[in-house]
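Commentary on secondary and tertiary structure
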There are 2 protein chains.
Amino acid sequence: MGFGFEDGVEVQVGALLVLLTGAGAQGMEYDTPEVSAIKKDMANLAHQGHWKVVILRYTLLIAIGCTTGVTASLIDFLTTTICSIKFAFIQRCILLFELNWLKWAYLYSVPYYYELPVFNAHSSSWPVLRPASVWTLINCSFVLVAAILTVYSAPAAGGSGIPQIKCYLNGLNVPLILRARTMVVKGIGIVLSVCGGLVVGKEGPMVHIGSVIAAGFSQGRVRCFGLSSRCFRRFRRDAEKRDFVSAGAAAGVAAAFGAPVGGLLFTLEEGASFIFQRLTWNTLLASIFSMFTLVFSRSLIDGQPFKFTPGGLVSFGMFENVTSYNAYELMVFVLMGIIGGLLGALFVALNRVLSKYRQAYVKSQPAKIVDAVLIGAFTTVLSFAILISMSDCHSLFQKDTFEFHQIVCPNGEFNRAGTLFFAAPVKALNVLLHDPPQSFSNYTLFVFALYTFFIACITYGISVPCGLFIPSLLLGATWGRVIGELLYTFSPQNFPDPAKFALIGAAAQLGGIVRMIASLTVVLMEATGNVILGLPVLITLVPAKYVGDCLTEGIYDTHIALSGMALLPWEVNARCIQLCALDVMTSPVAVLDTVMPVRDVYHLVFNHPHHAFPVVEGDRDPNNFKYGRLIGMISAQHIALMIKKKIYYPLNGEDMPRLTADDFDDAYPRFYKLKDVLLNASDDEFDRSLDFRPYMNHAPYRVPLDMSMTRVFALFRRLGLRHLPVVDNSNQVRGMITRKDLCRFRFAPAGKVVERLFSRIY
Amino acid sequence: MGFGFEDGVEVQVGALLVLLTGAGAQGMEYDTPEVSAIKKDMANLAHQGHWKVVILRYTLLIAIGCTTGVTASLIDFLTTTICSIKFAFIQRCILLFELNWLKWAYLYSVPYYYELPVFNAHSSSWPVLRPASVWTLINCSFVLVAAILTVYSAPAAGGSGIPQIKCYLNGLNVPLILRARTMVVKGIGIVLSVCGGLVVGKEGPMVHIGSVIAAGFSQGRVRCFGLSSRCFRRFRRDAEKRDFVSAGAAAGVAAAFGAPVGGLLFTLEEGASFIFQRLTWNTLLASIFSMFTLVFSRSLIDGQPFKFTPGGLVSFGMFENVTSYNAYELMVFVLMGIIGGLLGALFVALNRVLSKYRQAYVKSQPAKIVDAVLIGAFTTVLSFAILISMSDCHSLFQKDTFEFHQIVCPNGEFNRAGTLFFAAPVKALNVLLHDPPQSFSNYTLFVFALYTFFIACITYGISVPCGLFIPSLLLGATWGRVIGELLYTFSPQNFPDPAKFALIGAAAQLGGIVRMIASLTVVLMEATGNVILGLPVLITLVPAKYVGDCLTEGIYDTHIALSGMALLPWEVNARCIQLCALDVMTSPVAVLDTVMPVRDVYHLVFNHPHHAFPVVEGDRDPNNFKYGRLIGMISAQHIALMIKKKIYYPLNGEDMPRLTADDFDDAYPRFYKLKDVLLNASDDEFDRSLDFRPYMNHAPYRVPLDMSMTRVFALFRRLGLRHLPVVDNSNQVRGMITRKDLCRFRFAPAGKVVERLFSRIY
């Protein structure tokens, strides 16, 4: 169907574009409830404990930062330790075969943080199959355990977690995403995925882990032990919890990249949908403490306590010497941004096809596990196969900085492909970003870029915790290096440093995939320790984002859309100014009277399973669009609480029972389900009546019928509403607007060709 | 008067606390007008030119950044050049007296960027009066010219400009603040003030200059040449202009401190009242280009084009070697934060008393000029007097890094006080931040801190352009150094580096005066090039802000309050949840009928000079609180435009005339004044009628009578409204809420002692 405009513009509201709130995801209410019990409690709290709240808030933020930092250190430590055990085991296995194969075992173990002794014998490559299969088996076991944990114990722990956190901060509560169990599985799972040799990063998952820590700490409640402190009552509201989660997400980024300001901007740009002044320094506090704790732990491990070196889980190495770039280079950077946007869009489109395939055919739990293990095995075997089929040999011209591998090369030479395919992704990235010109043959780089693109694309989406930052950076650094080497060959005067192009390529590729600008710029500035790099990175990221956005959505938004969740964008398309509330709203509306028998509520709820209902008084005649005058709104949760606590309209001689602020506090956030409560109600209770007036929001925001959608959206979005009643000029309820209604309208901007193409193919 | 609360809390709405919108400042409307002509135009623009707008926006942002950078370079260059001319002149003057005095002339000239030859003769200090008076005369002349320019040509150019820009971004248009003339006077004035030896910085004014550049560029209109391009129509709205001004302000900070991300956060934290995602990268783009242009200009001046060194107008020097701090130091940093907060509050309180005195007694233009010149003379004479009365002599133990002055010391020694009192503030700051332990006697530092505190306090507020960042940093670095030196004497193992304490002191003092956290942390991280310093700076700034806020408001908010402007805070005090719209609103309201004779409009407007009026229909009986049902709102500006363009209700046989989108565009932003238009209307016109329906906003946001003030405020603040009608449950207009009504409620938090004390003294 389509809505006709005066000037003939058509808005598509096709069946495919009607996004529904995904499986079980629930909207959140950021508006303060206007219930007198809660209001009075809040006023009392404000009066008694201004400083108590301030101190508690800052203590919590510091605790969140420190715990995130400690968790990051722990993940780092565990990755190293488990990999070393794996290495010891494989070494023993190899000794059982033949001593000759020891070389291969060593080589194969290099990705797992161990230095490689250089061997002297030049050997052929085929007799290595037996230790290689053991190795593959071990990798697959790690992936298997990670997949079993994820699939059976906490499915919400799969993937990077950033899309879900983004949804949460946008006002959609994805079930189980902020549970402690999810976090534990995520932490263990990411260690196993990395040790299992998958092309994944630990950085995205750190954002999720930081968020869960923040959500847990801020509520001051351990349900399984029945612990709950009233001091935290102030923070048990969706809006407060959201702000803590923002800070936790930033702390995660800070620990991942050693970039506290980058973390803040990540939250502001990508995550937080609601920004205000205090949030900036709260978030900065958590992220600085997170980075500081990680750095402090590292100084302890290094045996030099209080000697701090910047850097997070991934460090780019210092770029202090890059203090110059010329006009030619800047032009190339813009072009690289465009390439990054194109490749990023291709990546997203392919991954989207694959994810849709997985959604359709990889549904059962065992299938998901098999999927993950197969990808793990394929990664190991493919990298192995590519490596032994290549011999990009160089003489040893530098020994100090990076590792090198002889593999199938003659004595005194080493294999460049080994440096890429065998090293851990983070080390390979460092090599690409810092090695001198002409360290790599373009053929090796090209094959490595193809390999990374392909493997990263099929890996993102399997049911283990896996981040996308490191694979994207690695991919970009590789093709950036290719461009750098080509330009160096062309004109060493104008393009003296291919490593710089590797960095810009990494930025372009990451920007093309995740579509961030400000936060990536700052993260890269902080991770490289060089403010002068801000300009080149920024002018790369702007075209990368815009070119990418022409073709597809970013990877996170794509996955959010695939999971059927509806994110409210920052701004609505400018053309929506021609639509008005009447076009957007859902009508007719189920309304409640001020006093109603439970029986009637039962029928209403089962016919209209909404989350909130307008309360009306006066004339009602639905045939003439009269639903009564709006005097309030009440949420299903609060009705359920009333029935559960038996707050019925008093019979003769009874006192009026009352809900207290503590009742509301105890019910948060796992409210009773209204349907369940009604199904459990006795017949006696069905005859009683409910008086909604004391517990309804007696002053809901409302909009008139002819307000333009742009302004309806502004109200809904900026105030974080969940339901918005539409009234006419006599204040008669005429309709209701929810997140779902606003998300129905998606204007396809000109040029979303690739995505459409692929969706047609699929 | 007071409002009684249920629980006995009293809200003071005393006469002093009733803030009125200051002299001529006007609220701005960030809401999109729901006028069909404008809506249709916007939809057409959106349809035709999405990419045109994107490209135009980015081009403008880059142009704003580059122009701000060039302006900063120009100011730097002019300061240096003018001071060198001044030096040459004074040297010639001194030759006319006696050759002996040459030494003093040289000494005196050092603040103005020239190196000092070291003299050998030890001489007494009194016969230097004659060249000193010439010197004082020259300084005073500079200040005189700056003051005359400011007072007679552009009074809005006085001060740092940050409070006014803050007001602008909050939604209060301070008259003339964004005019080109103001910017030119500001630029020239700040050069003269710095050359005139005042204790002022160029950094605050750069924020103002960046904002004016942004406001000018974004409107695509040169009124004095009658140039105006329709392409910029999209940006001629208060909300769009505000976003450009945010970017300009950030570009100013970026150029001032070489801190592009700091600029972005400055805008987010202190300036921008409305934040959304695109704003972050737009702002970052402008600020990175601004810093890059400055750095590029400097590389050209240094003769090494494209060789970039970070740093803005002020550079802190690199702190790369500070990679360690221990737990003792961290504790001291927190204490220093508290001291910074206390001293900052004292500074603000004293400056407030002085500013009130100036407001009351220094009113006429000549008086303002005399005030400025006297402060200039006093600064010169006092620094001179202190210097010759001190002899803090040290042997020459370092020659390479910083300048040193013999003055009244024996041969082979130099005077530490000279390094502080004679060097330019920026150089003195560098010395304090980098010199080795025990370079200064504590007595010298103490006297210098007192001098800086006193002079900076009396200087801020005179009628010349003057920034407060550098004086605050200098003051903090001085007392920070005192603490550092004392601790070093106490325990050189635990506190090895007094320079670190100077940096923390500078942060604490600046934080205590301006009360920012996130942006100052990032600015200092970027200006020192050391991410490891983030934690100490942050844990200093948090207590500095909170301690300061207990005692007084920040310096900018104080000056905003003194000028009678009412800033909407980010959040309303939590206790306001007990108030409702009925308590806050202004009532009765002047309302308009849908069609009204001009004569009636005339009477209404002269009795109720508001900026907008509700349009109503239906029953009206003010005695029973009935003003008619709300069907729209129309602003005085639009009524004026209707009368000016003669859009009257058609008489028989006439066609209905119409306003077009171009009419609205031409009128922005200097709308006709409704009063003037009415006074100029002829008698014939007085008999005609106006039909408001096509030009009113037919769907204004509205709130019910019993909505709590917290939620009313959220709506008003987050949507950037100017007028908010209050209705009852029948949609009858009952009152109106404006910025003024919301600002009347100021809850005095416990402990605002100092400020109250001083206001009582005065």
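Quantities reported herein were computed from a predicted structural model and do not represent experimental measurements.

1. Let's talk about the overall build of chain A
From N to C terminus, chain A includes 29 helices and 16 strands. Within chain A, buried positions represent 63% of all 762 residues. Partitioning the contacts of chain A with sequence separation of at least 6, the portion at a separation of at least 24 is 77%. With the model as given, the accessible surface of chain A reaches about 27900 Å², and the carbon-plus-sulfur share is 61%.

2. Structural notes on the environment of Thr283(B)
Residues and elements named next belong to chain B. Take Thr283: it is sitting in helix α10 (residues 277-301). Not counting residues within four places of it along the chain, the set of residues in contact with Thr283 comprises Ser246, Ala247, Ala250, Leu264 and Thr267. Among the polar contacts listed, one links the side chain of Thr283 to the backbone oxygen of Leu279, at a separation of 2.6 Å.

3. Some words on the relation of the copies chain A and chain B
Its rotation angle being 180°, the transformation that places chain A on chain B also includes 0.0 Å of axial translation and leaves an RMSD of 0.1 Å. Expressed as an axis order, the relation between the two copies is that of a two-fold axis. Mapped onto chain B, 100% of the interface residues of chain A again fall at the interface, so both copies present the same surface.

4. As for the interface of chain A and chain B
Contacts between the two partners involve 92 residues from chain A and, on the opposite side, 92 residues from chain B. Of the roughly 8300 Å² buried between chain A and chain B, counting both surfaces, carbon and sulfur atoms make up 68%. Together, Trp281(A), Arg711(A) and Asn729(A) form the three largest contributors to the area buried by chain A at its contact with chain B, with a combined 9%. Our enumeration of links across chain A and chain B arrives at two salt bridges. Glu34(A) is the partner of Arg711(B) in a salt bridge, and the nearest nitrogen-oxygen pair spans 3.1 Å. Our count for the chain A to chain B interface comes out at 17 residue pairs in polar contact (both at pLDDT 80 or more). Looking at which element gives the most residues to the side of chain A that touches chain B, the answer is helix α10 (residues 277-301) of chain A, with eleven residues. Of the residues that constitute the side of chain A that touches chain B, the class distribution is 54 nonpolar, 18 polar and 20 charged.

5. Examining the pairing of strand β16 (residues 733-738) of chain A
All names here are of chain A. Judged by how many residues are buried, β16 sits mostly within the fold: five of six residues are covered. By the bridge criterion, five bridges tie strand β15 (residues 723-727) to β16 in an arrangement that is antiparallel. Following the sheet pairing, Val727 is matched in β16 by Val733. Taken together, β15 and the strand that follows it, β16, pair antiparallel across an intervening segment of five residues, in which Asn731 is found at a positive phi of about 65°.

6. A short note on the packing of aromatic side chains
All names here are of chain B. On inspection of all chains with the given rule, the structure shows 29 aromatic pairs over all chains. Centre to centre, the rings of Phe347 and Phe453 are 5.5 Å apart; their planes meet at 90°, and the pair counts as edge-to-face. Of this pair, Phe347 sits in helix α11 (residues 327-361) while Phe453 sits in helix α15 (residues 442-459), placing them 106 residues apart in sequence. For the pair Phe347 and Phe453, a shared accessibility class is recorded, and that class is buried.

7. Quick notes on the sheet that holds β15(A)
In sheet architecture, strand pairing relies on hydrogen bonds along the backbone and comes in two forms, parallel and antiparallel. All names here are of chain A. Overall, mixed pairing links the three strands, which are arranged β14-β15-β16 in an open sheet. Of all the strands in the sheet, the pair left with one neighbour each is β14 (703-704) and β16. For β14 and β15, the ladder comprises two bridges, and the chain directions are parallel. Bridging across to β15, Val703 finds its partner in Val726. Sitting on the sheet, helix α27 (residues 709-718) is in contact with β14, β15 and β16, with an inclination near 145° to β15.

8. Side note on the nonpolar core
By size, the foremost hydrophobic cluster in this structure holds 332 residues, and its most contacted members are Phe257(A), Phe421(A), Phe257(B) and Phe421(B). Beyond its immediate chain neighbours, meaning those up to four positions away, Phe421(B) contacts Ser383(B), Ile386(B), Leu387(B), Met390(B), Val447(B), Phe448(B) and Tyr451(B). By size, the runner-up hydrophobic cluster in this structure holds 52 residues, among which are Val584(A), Met707(B), Met709(B) and Ile737(B).

9. A word on the domain arrangement of chain A
When the parts come together, some accessible area is lost, and that loss is often what is quoted as the size of the interface. Residue and element names in this part refer to chain A. Taken as a whole, chain A is organised into domain 1 (49-110 + 127-302), domain 2 (327-365 + 424-563) and domain 3 (574-744). The C-alpha centroid of domain 3 is placed 39 Å from the C-alpha centroid of domain 1. Contact residues are listed per partner, giving 15 residues for domain 1 and eleven residues for domain 3. Across the domain 1/domain 3 interface, buried area totals approximately 1200 Å², and carbon plus sulfur atoms make up 36% of it. On inspection of domain 1 and its partner domain 3, the count reaches one salt bridge. Two residues, Asp665 and Arg236, come together in a salt bridge whose shortest N-O distance is 3.0 Å. If you look at where domain 1 meets domain 3, you find three residue pairs in polar contact (both at pLDDT 80 or more). Its residues assigned to classes, the side of domain 1 that touches domain 3 comprises two nonpolar, four polar and nine charged.

10. Some remarks on the side chain of Arg739(A)
Here Arg739(A) is to be found in helix α28 (residues 739-743). Once residues lying within four places of it in the same chain are set aside, the contact partners of Arg739(A) are Asn170(A), Gly171(A), Leu172(A), Ala566(A), Leu567(A), Leu568(A), Phe716(A) and Arg722(A).

11. Describing the UniProt feature "domain: CBS" (unreviewed entry) in chain A
According to UniProt, the positions carrying the feature "domain: CBS" (unreviewed entry) are residues 585-651 and 696-753 of chain A. Structurally, residues 585-651 of chain A is divided into 28% helix and 27% strand, and its ends, taken at the C-alpha atoms, are 39 Å apart.

12. Section: a nonpolar patch on the surface
Residue and element names in this part refer to chain A. A contiguous nonpolar surface patch, about 310 Å² in accessible area, is contributed by Val334, Leu335, Ile338 and Leu342. Residue position: Val334 is located in helix α11 (residues 327-361). Judged by its relative accessible area of 31%, Val334 is partly exposed.

Cut-off values and rules
Residues numbered from 1 in each chain as written. Chains lettered and ligands numbered in written order. Predicted model: local features only at pLDDT ≥ 70, side-chain atom pairs only at ≥ 80, totals over all residues. Heavy atoms only, no water. Helix = DSSP H or I, 4+ residues; strand = E, 2+ residues; numbered from the N terminus. Buried < 20%, exposed > 50% of the residue type's maximum accessible area, 1.4 Å probe, protein only. Contact = heavy atoms within 4.5 Å. Areas by Shrake-Rupley, 256 points an atom, 1.4 Å probe, with all protein chains shown as cover. Polar contact = N/O pair within 3.5 Å; in protein donor to acceptor, adjacent residues only side chain to side chain. Least-squares fit on C-alpha atoms with pLDDT ≥ 70 in both. Buried area = accessible area lost by both parts, 1.4 Å probe. Salt bridge = Lys/Arg side-chain N within 4 Å of Asp/Glu carboxyl O. Nonpolar A, V, L, I, M, F, W, Y, C, P; charged D, E, K, R; others polar. Pairing = 2+ DSSP bridges. Phe/Tyr/Trp six-rings, centres within 6.5 Å; stacked < 30°, edge-to-face > 60°. Axes fitted to C-alpha atoms, helices over the stretch in contact; angles between N-to-C directions. Core = buried A, V, L, I, M, F, W, Y, C linked by side-chain atoms within 4.5 Å. Domains from an automatic or database assignment. UniProt positions renumbered as here; feature names shortened; annotations may be inferred. Patch = residues over 30% accessible without salt bridge, like charges linked within 9 Å, V, L, I, M, F, W, Y side chains within 5 Å.

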